[in-house]
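What follows is each chain in one-letter form.
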Amino acid sequence: MQVAIDGPAAAGKSTVARLVAEKLGGIYINTGDMYRALTWIALQRGGDPETAPERVAAMLDNLRLDYRLADGAAPVLALDGHPLEPAAVRSPAVAAKVSFTARIPPVRDWLVERQRRAGQLGLVVMEGRDIGTVVFPGAKYKFFIEASPMVRARRRLAQPGEVVDSATLESVAAEIARRDELDRNRRISPLRPAADAEVIDTDHLTAAEVADLIVERVYVGESQCPSHTRHI
Ligand code: CDP
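Please read all numbers here as calculations on a predicted model, not as lab measurements.

### A word on the pairing of strand β7 (residues 141–146)
At step 1: Across the six residues of β7, five count as buried, placing the element largely inside the fold.
At step 2: One ladder, built from four bridges, connects strand β1 (residues 2–6) with β7; its direction is parallel. For I5, the partnering residue across the bridge sits in β7 and is F143.
At step 3: Inspection of the sheet shows β7 paired to strand β8 (residues 198–201) by four bridges, in the parallel sense. Pairing of F144 across the sheet is with V199, part of β8.

### Topic: the packing of helix α5 (residues 92–101) against helix α9 (residues 169–185)
Pairs of packed helices are described in terms of their axes, by the angle between the two and the distance that separates them.
At step 1: Running from N to C, α5 and α9 point in directions that differ by 10°, and their axes come no closer than 9 Å. By the criterion of interaxial angle, the relationship of α5 to α9 is roughly parallel. Across from A95, A96, V98, S99 and F100 in α5, the residues of α9 making contact are E175, R178, R179, L182 and D183.
At step 2: For the contact of α5 with α9, a count of residues per class yields five nonpolar, one polar and four charged.

### As for the pairing of strand β2 (residues 27–30)
At step 1: Here β2 shows no split at all, with I27 and I29 on one side and Y28 and N30 on the other all buried.
At step 2: In this structure, β2 lies alongside strand β6 (residues 124–128), joined through four bridges in parallel fashion. Bridge pairing in β6 links N30 to E127.

### Observations concerning the side chain of E127
At step 1: Assignment of secondary structure puts E127 in strand β6.
At step 2: Despite its burial, E127 pairs with no opposite charge, the nearest such side chain being K13 at 4.4 Å.
At step 3: Side-chain polar atoms of E127 contact the side chain of Y28, separated by 2.8 Å.
At step 4: Side chain to side chain, E127 and N30 meet in a polar contact 3.4 Å long.
At step 5: Once you skip the residues sitting within four places of it in the chain, E127 turns out to touch I5, K13, S14, A17, Y28, I29, N30, T31 and G32.

### Structural notes on the nonpolar core
At step 1: L65, V107, L111 and M126 are the most contacted members of the largest nonpolar core, which has 32 residues in total.
At step 2: Of all elements in the fold, only β2, α2 (31–44), α3 (53–59), β4 (76–79), α6 (105–118), β6 and α7 (131–135) reach the threshold of two or more residues within this core.
At step 3: Residues within four places of M126 in sequence aside, it is in contact with V3, A4, I5, I29, T31, Q115, A118, G119, I131, V135 and F136.
At step 4: Listed in part, the 20 residues of the second largest apolar core include V3, L123, I145 and V218.

### Focus: the sheet that holds β2
At step 1: Read from one edge of the open sheet, five strands run β2-β6-β1-β7-β8, paired in parallel fashion. Each of the sheet's edge strands pairs with one partner strand only, and the pair in question is β2 and β8. In this sheet, adjacent strand axes meet at a mean angle of 20° when their direction is disregarded.
At step 2: In the packing of helix α1 (residues 13–24) onto the sheet, the strands contacted are β1, β2, β6 and β7, and the crossing angle to β6 comes to about 175°.
At step 3: Helix α10 (residues 207–223) rests against β1, β7 and β8 of the sheet, and its axis sits at about 165° to β7.

### Overview of the sheet that holds strand β3 (residues 65–68)
At step 1: The sheet built from three strands is open, its strands ordered β3-β4-β5 with antiparallel pairing. Taken across any chain shown, the strands that pair with only one partner, and hence form the sheet edges, are β3 and β5 (82–83).
At step 2: Across four bridges, β3 lies against β4 in antiparallel orientation. Each bridged residue has a counterpart across the sheet, and for L65 the counterpart in β4 is L79.
At step 3: Lying on the sheet, α2 is in contact with β3 and β4; it crosses β4 at an angle near 30°.

### Here's the deal with the site of the ligand
At step 1: Neighbouring the ligand are 20 residues, the closest being R36, D130, R156, R179 and D183.
At step 2: Measuring from an oxygen atom of the ligand, one finds a side-chain N or O atom of R156 at 2.7 Å.
At step 3: Protein coverage of the free-state accessible area of the ligand, which is 530 Å², stands at 99%.
At step 4: One can see that the ligand is located within the largest pocket.
At step 5: Secondary structure elements with two or more residues in the shell around the ligand: α2, α5 and α9.
At step 6: Of all the elements, α2 adds the most residues to the shell around the ligand, at four residues.
At step 7: In terms of residue class, the shell around the ligand is made up of six nonpolar, four polar and 10 charged.

Conventions we followed
- Residues numbered from 1 in each chain as written.
- Predicted model: local features only at pLDDT ≥ 70, side-chain atom pairs only at ≥ 80, totals over all residues.
- Heavy atoms only, no water.
- Buried < 20%, exposed > 50% of the residue type's maximum accessible area, 1.4 Å probe, protein only.
- Helix = DSSP H or I, 4+ residues; strand = E, 2+ residues; numbered from the N terminus.
- Pairing = 2+ DSSP bridges.
- Axes fitted to C-alpha atoms, helices over the stretch in contact; angles between N-to-C directions.
- Parallel < 35°, antiparallel > 145°, perpendicular 65-115°, else oblique.
- Contact = heavy atoms within 4.5 Å.
- Nonpolar A, V, L, I, M, F, W, Y, C, P; charged D, E, K, R; others polar.
- Lys, Arg positive; Asp, Glu negative; His and termini not counted.
- Salt bridge = Lys/Arg side-chain N within 4 Å of Asp/Glu carboxyl O.
- Polar contact = N/O pair within 3.5 Å; in protein donor to acceptor, adjacent residues only side chain to side chain.
- Core = buried A, V, L, I, M, F, W, Y, C linked by side-chain atoms within 4.5 Å.
- Near = heavy atom within 4 Å.
- Areas by Shrake-Rupley, 256 points an atom, 1.4 Å probe, with all protein chains shown as cover.
- 1 Å grid on protein atoms, 1.4 Å probe; cavity = no way out; pocket = protein on both sides within 12 Å on 5 of 7 lines; lining within 4 Å.
- Sits in = over half its atoms within 2 Å of the grid points.

Next up, the structure:
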């Protein structure tokens, strides 16, 4: 069973999805980290996803990206067998290029295949941009988490290591607006809510409140479907 959580940059999806997975006893998968991991390794190898997308695509044949189950709800993402450093994949340098990686068609095919495989692990709470529209269009629970640009900039600024030292509210807002524009206007799998997703405006809600709302929807949905309740 999949719970799909999509939304724009810095809306708070990761915190919410992690909480939902913990509360439901499920597995939390952050697909943004997968796009970030490929961006990081491409930059390490001198391939800029913006100017040399073909080099990023060419890496895929000899790359292994998989999840290892760890303590807690979140499995650890490993690249060629090495666990990824959160500080590396969440760095501003990777954030600046990740939307270019995410618009390379073979990259999306390669990752969506792995995301669908991860979705078979059990009760999976997966967050990203196209989970409800492309990865699991048949998911029973779909949410699209929104927040206004300034609220999102404030949330991102509060995350240590994710912005440059000189960052201001305005510069962070501009950076996430630029990334959203690339994500919304790309040709394949653009960022948008699935027609059957519940859109949640989180400007005035804490992450815990959003998570509670989602968990409530799942409980209500599953109580109407007795054969599934044993998974929760
Ligand atoms: O955490 P944040 O909101 O900054 O972004 P993320 O979830 O780490 O995603 C980073 C980038 O990966 C996004 O801006 C998209 O370009 C891309 N992405 C995507 O295209 N599809 C997904 N399912 C997840 C991420």
